[in-house]
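Residues per chain are reported as follows:
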Amino acid sequence: MARLNFPEEIKSLIDTLKKLPGIGPRGAERIAVWLINQDREFASLLSKVVEDSVQLIGACEICGFFKSHEKGCFSCDDSERDGSVICVVEQPTDVIALEKTGAFKGTYHCLGGKIAPLDNIGPEDLRVSSLISRIEDSDFGEVILGVGSDVEGEATANYLADLIVGKGLKVDITRLAQGLPAGGGLENADELTLYRALDGRRKV
Amino acid sequence: MLTELRISNFRCFESFDCSLESGTTLFVGENAQGKTSILESICVLMRLQSPRSNKVSDQIRFDAEACSIEGILSGKRLLFSAAGPKRRMTVDNESFSKRKDYLAETGLVVWIGNDDIDLVRGSAESRRRYLDFGASQLSAGYLPALRAYTRALRARNFLLKRDANPCWDQIDSYTKLLVQHGTYIAEQRSALISSLVPFAKKLQLDVSGKDELLSLNYVRSGNEDLELAYEEKKEAEAKQRLTLVGPHRDDLELSINSLLASKFASEGQQRTIALSLKIAQSHVLRERKGSNPILLIDDIFGELDSSRRNRLLSSFPEGAQKIITTTSLDWASDGCLEGSRCYSLSKGLLDEM
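Residues numbered from 1 in each chain as written. Chains lettered and ligands numbered in written order. Predicted model: local features only at pLDDT ≥ 70, side-chain atom pairs only at ≥ 80, totals over all residues. Heavy atoms only, no water.

Draft legend 1. Geometry of the overall build of chain A. The helix and strand tally for chain A stands at 7 helices and 7 strands. The C-alpha radius of gyration of chain A comes to 22 Å, more than 25% above the 17 Å expected for a compact globule of 204 residues. Judged by the C-alpha coordinates and their principal axes, chain A covers about 80 × 50 × 35 Å. Buried positions account for 33% of the 204 residues belonging to chain A. Considering only intrachain contacts with a sequence separation of at least 6, the fraction spanning at least 24 residues in chain A is 47%. The distance from the centre of the 23 positive side-chain charges to the centre of the 33 negative ones in chain A is 3 Å. (Helix = DSSP H or I, 4+ residues; strand = E, 2+ residues; numbered from the N terminus. Rg over C-alpha atoms; globule rule 2.2 N^0.38 Å. Buried < 20%, exposed > 50% of the residue type's maximum accessible area, 1.4 Å probe, protein only. Contact = heavy atoms within 4.5 Å. Lys, Arg positive; Asp, Glu negative; His and termini not counted. Charge placed at Lys NZ, Arg CZ, Asp CG, Glu CD.)

Shown next as structure tokens:
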């Protein structure tokens, strides 16, 4: 009597799913079994949307945001964007978060991460040189450093600011502000946020 | 003020119930009867951490599954229980999932024990930890700054070690963070030391009963202007592949009558200095926070001569609750323990004396 196990097909499905970020062996098994129990149309739909996204969309070589291979970059090729200001962020998802505010009309640059020596990520692994050549070639009045405010984010901002100044580029460099969450009372803010808010207070 | 304490399956105790005095409560017993475990349980209940071990499982009694500690703190019922890796914290039957929120409901404790002598004899690390603890109680920004500093330091040291030719452009981006956070940390430590000094000086004079002039001096590892300090050490850092200046290398220098305490003070003097520092800390906490910390005093009286002991008893902050363990009451002179409650402890059983 053979010991029962997953069929080979499902095993390879599980092995493939395991490679996805945030999915472990147990999660992969659960998803695989769930997929098998759906009707066939769902599986075809899933494989089609995966295929389409991978075939049609890639990262823009210039700014790092999503780019359609047919229609060009959604960010760079939009002529209505304000070309005098550029916002540097870590990931394309940060662009979408900023876009939701509707407050920023300028162009973006996605680094693809932050400088983190302990995780073995250096400037050469990020879109840093293309950022510099963009600033050299274009007529930006302001570079907004919109990277996160953790230690690595701050270090990345310091690095970029030094690099831009060191190249003698004439451009204003700014950093996103930190402080009170909008529309919230003081009692909801944690100590560090309040401390930063107090530190960065401004004259009215 | 902690008025009731009830523990079950904690360390050597199956179950245990006692009332605590607002002034002094004493637990008297021979070695290995569970005296320190009582203090430990209070420390865990109030601060969710123990000075003896980091593992909760060490604290659960043999062949028991879970332990619990319950106490009434100024009318609020605190309950901490641990089963395996799971912990539960409640205040007046309201359950808290975050340590931080629970800790905001409890009070501060100051642990005074025999190990405190490491403050004087031990490495600078133990003195920095003493300063860090005090400073993080006093300003909300301190702990985040310290964490950020430590993380940036690790990255910077890694960068210094990694390449044959260190890439200074990347290292400098971390240097800026060290300057930013380090300056704040050093300022806060200096401020803490200046508020500790008057208390510690007075305590040293009071407890020793002699002209022992204690001085505390914050010794910086390099130039006080951190930006300049890193500039000055750049070459040495490139050679040694290590961050050589900053708060992580600073020290608190302790001296008695201008002589370095770690080298020239006697055992008794060193113990007195350690006590003065700890009690000074509780005075400063009281001054800034407006409420007294609970003093947990673990068997320190055996090492001091009788006059130092009695003077020590009278130098604790006024109105502070004291919970003291000791092996015998021989040292207590007439009247100095008036109004305090005394328990004798033997094989995990408690008797009021």
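Draft legend 2. How the structure looks around the environment of Arg151 of chain B. Secondary-structure assignment places Arg151 of chain B in helix α5 (residues 142–162). In this structure Arg151 of chain B touches Val151 and Glu152 of chain A, once residues within four positions along its chain are discounted.

Draft legend 3. Inspection of the interface of chain B and chain A at higher detail. Facing the 19 residues of chain B at the interface are 19 residues of chain A. Interface area, chain B with chain A, both sides summed: about 1700 Å², of which 63% is carbon and sulfur. Summed over the shared surface of chain B and chain A, the result is 4 residue pairs in polar contact (both at pLDDT 80 or more). Counting only elements with at least two residues in the side of chain B that touches chain A, the list comes to α5 and α6 (168–208) of chain B. Among the elements that take part in the side of chain B that touches chain A, α5 of chain B stands out by supplying 9 residues, more than any other. The residue makeup of the side of chain B that touches chain A, split by class, is 10 nonpolar, 3 polar and 6 charged. (Buried area = accessible area lost by both parts, 1.4 Å probe. Polar contact = N/O pair within 3.5 Å; in protein donor to acceptor, adjacent residues only side chain to side chain. Nonpolar A, V, L, I, M, F, W, Y, C, P; charged D, E, K, R; others polar.)

Draft legend 4. Just the nonpolar core, in detail. Residues and elements named next belong to chain B. Within the largest apolar cluster, 70 residues are counted, with the highest numbers of intra-cluster contacts made by Leu216 and Leu312. In terms of residue count, the dominant contributor to this core is α6 (15 residues). The two domains that each donate at least three residues to this core are domain 1 (1–108 + 292–353) and domain 2 (120–290). Leave out the neighbours within four places in its chain, and Leu216 touches Ile193, Leu196, Val197, Ala200, Leu252, Glu253, Leu254 and Leu277. Phe10, Leu103, Tyr343 and Leu345 belong to the second-largest nonpolar core, a separate cluster that totals 37 residues. (Core = buried A, V, L, I, M, F, W, Y, C linked by side-chain atoms within 4.5 Å. Domains from an automatic or database assignment.)

Draft legend 5. Structural view of the confidence of the model for chain B. Residues and elements named next belong to chain B. Overall, the prediction assigns chain B a mean pLDDT of 88, with 99% of residues at 70 or greater. Ranking the elements of chain B by mean pLDDT puts strand β15 (residues 349–352) last with 80 and strand β10 (residues 251–256) first with 94. Taken together, the chains of this predicted complex give a pTM of 0.81 and an interface ipTM of 0.77. (pLDDT = per-residue confidence, 0-100.)

Draft legend 6. Highlighting the packing of aromatic side chains. Per the stated rule, a full pass over the model turns up 6 aromatic pairs over all chains. With centroids separated by 5.0 Å and ring planes inclined at 55 degrees, the aromatic side chains of Phe65 of chain A and Phe66 of chain A adopt a geometry described as tilted. For Phe66 of chain A, a relative accessible area of 34% corresponds to the partly exposed category. Ring geometry for Phe13 of chain B against Phe16 of chain B: centres 4.8 Å apart, planes inclined by 55 degrees, an arrangement best described as tilted. Relative accessible area serves as the criterion here: at 0%, Phe13 of chain B is assigned to the buried category. (Phe/Tyr/Trp six-rings, centres within 6.5 Å; stacked < 30°, edge-to-face > 60°.)

Draft legend 7. Up close: empty space enclosed by the protein. Residue and element names in this part refer to chain B. In total, this model carries 1 cavity of 30 Å³ or more according to the counting rule given. In this model, the largest cavity occupies a volume close to 80 Å³. Lining the largest cavity are Ile112, Gly113, Asn114, Asp116, Ile117, Arg271, Ala274, Leu275, Ile300, Glu303 and Leu304. Of all the elements, helix α9 (residues 267–289) adds the most residues to the lining of the largest cavity, at 3 residues. Here the lining of the largest cavity is built from residues that sort into 6 nonpolar, 2 polar and 3 charged. (1 Å grid on protein atoms, 1.4 Å probe; cavity = no way out; pocket = protein on both sides within 12 Å on 5 of 7 lines; lining within 4 Å. Points joined across faces, edges and corners; volume = space filled by probe spheres on them.)

Draft legend 8. Seen up close, unusual backbone geometry. Residue and element names in this part refer to chain B. A positive phi angle, near 60 degrees, is found at Leu48, a position not held by glycine. Mapped onto the fold, Leu48 is located in the loop between α1 (35–47) and β4 (66–73). Judged by its relative accessible area of 6%, Leu48 falls in the buried class. Phi angles above zero are rare outside glycine, and Asp299 is one such case at about 50 degrees. Counting through the fold element by element, Asp299 comes out in the loop between β12 (294–298) and α10 (306–314).

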